[in-house]
Amino acid sequence: MKYVTRLGTALAAAAALVLTTPTGAHAGAIGSTPVRTFEYSVGGATMKVPTGCMFTHIIRGGGRKITYQNAGVDCAFVAALSSGFCNWRIDFTYADTNNRTYRTSRGRTHSECKIDPMRNNSPQRLPRYGKACAQLYVNGVRRVRQCHHITK
C-alpha cells in the first residue's frame, strides 16, 4: 500500500509540474519511460525486475541554462515488492542537434539494492542546443533512457 501511495503522490506532483505555468523565460519538462522487465545476476543470484516501474526525468531552466535536473525510478504493484535495482547508477548526457554527445555527467555506482534509485544533477550551462538525457544503468548495462529537447 505504501508504494501505491508513493506512486499516486509522484503522479500528482508530475501533474502539478505539467499544469503549472512557468513565469518569465523559464521552461521545464518532465517525462517518464517504462522500465522493461529484465533479469541480471548479483553475487550468483538472479534478480528480476518485473513490469510496473517508470523512469522519470525532470528538467527546469531556460534556454541553454539548466537550473534543476533529477531522474529516478518509481515502481508500483508487483514491481514495488521486488528487491529493486542493484549496482545501479544514473548518468546525465548532453548532445547537440546532430545527436553527438558532448558531455556526460556519470553518476557513481551504488552497490546496494534500491527499489527507488534517484539522482539530482548540478546546474548546467550548455554550450549548444540539442537534448539532455538521463539513463539508468544496472550492473553496467543501460536499461532505460529518457530525453528532453533543449531548443530556443
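Residues numbered from 1 in each chain as written. Predicted model: local features only at pLDDT ≥ 70, side-chain atom pairs only at ≥ 80, totals over all residues. Heavy atoms only, no water.

### Observations regarding the nonpolar core
Thinking step 1. By size, the foremost hydrophobic cluster in this structure holds 26 residues, and its most contacted members are Phe-55, Phe-85 and Leu-136.
Thinking step 2. Listed by contribution, the elements that provide at least two residues to this core are strand E2 (38-42), strand E3 (45-49), strand E4 (53-62), strand E5 (65-75), strand E6 (88-96), strand E10 (130-138) and strand E11 (141-150).
Thinking step 3. Ignoring any residue separated from it by four or fewer positions in sequence, one finds Leu-136 in contact with Phe-55, Val-73, Phe-85, Trp-88, Arg-89, Ile-90, Pro-117, Val-141, Arg-142, Arg-143 and Val-144. (Core = buried A, V, L, I, M, F, W, Y, C linked by side-chain atoms within 4.5 Å. Buried < 20%, exposed > 50% of the residue type's maximum accessible area, 1.4 Å probe, protein only. Helix = DSSP H or I, 4+ residues; strand = E, 2+ residues; numbered from the N terminus. Contact = heavy atoms within 4.5 Å.)

### Here's the deal with the environment of Phe-85
Thinking step 1. Note that Phe-85 resides in the loop between E5 and E6.
Thinking step 2. Residue class for Phe-85 comes out buried when judged on its relative accessible area of 1%.
Thinking step 3. As for Phe-85 and His-110, which are separated by 25 residues in sequence, their C-alpha atoms are 9.3 Å apart.

### Notes on the confidence of the model for the protein chain
Thinking step 1. Looking at the protein chain, pLDDT values average 83 and 80% of them are 70 or higher.
Thinking step 2. Segment residues 2-25 is flagged for pLDDT under 50; beyond a separation of four residues in sequence, or across chains, it makes 16 contacts in the model. (pLDDT = per-residue confidence, 0-100.)

### Focus: the pairing of E6
Thinking step 1. The buried fraction of E6 amounts to nine of the nine residues, a majority that puts the element mostly inside the structure.
Thinking step 2. The alternating pattern of E6 places Trp-88, Ile-90, Phe-92, Tyr-94 and Asp-96 and Arg-89, Asp-91, Thr-93 and Ala-95 on opposite faces, both of which are buried.
Thinking step 3. Alignment of E6 against E10, held across nine bridges, turns out to be antiparallel. Pairing of Phe-92 across the sheet is with Ala-134, part of E10.
Thinking step 4. Judged from the four bridges that link them, E6 and strand E7 (residues 101-105) form a sheet pairing that is antiparallel. Bridge pairing in E7 links Thr-93 to Thr-104. (Pairing = 2+ DSSP bridges.)

### What about the packing of aromatic side chains?
Thinking step 1. Tallying each qualifying case throughout the model produces two aromatic pairs.
Thinking step 2. Put simply, the rings of Phe-38, Tyr-40 and Phe-85 touch in pairs and so form one group of aromatic residues.
Thinking step 3. When the ring centre of Tyr-137 is taken as reference, the NZ or CZ atom of Arg-89 above it lies at 4.0 Å.
Thinking step 4. The ring of Tyr-102 carries the charged tip of Arg-128 above its face, separated from the ring centre by 4.3 Å. (Phe/Tyr/Trp six-rings, centres within 6.5 Å; stacked < 30°, edge-to-face > 60°. Lys NZ or Arg CZ within 6 Å of the ring centre and 35° of its normal.)

### Brief notes about the sheet that holds E7
Thinking step 1. Strand order across the open sheet formed by four strands is E7-E6-E10-E11, with antiparallel pairing between neighbours. This sheet does not close on itself; its edge strands, each paired only once, are E7 and E11. Shown here is a sheet whose adjacent strand axes are inclined to one another by a mean of 20°, direction ignored.
Thinking step 2. As defined by bridge partners, E10 adjoins E11 across nine bridges and the pair is classed as antiparallel. From the neighbouring strand, Ala-134 faces E11, where its bridge partner is Gln-146. (Axes fitted to C-alpha atoms, helices over the stretch in contact; angles between N-to-C directions.)

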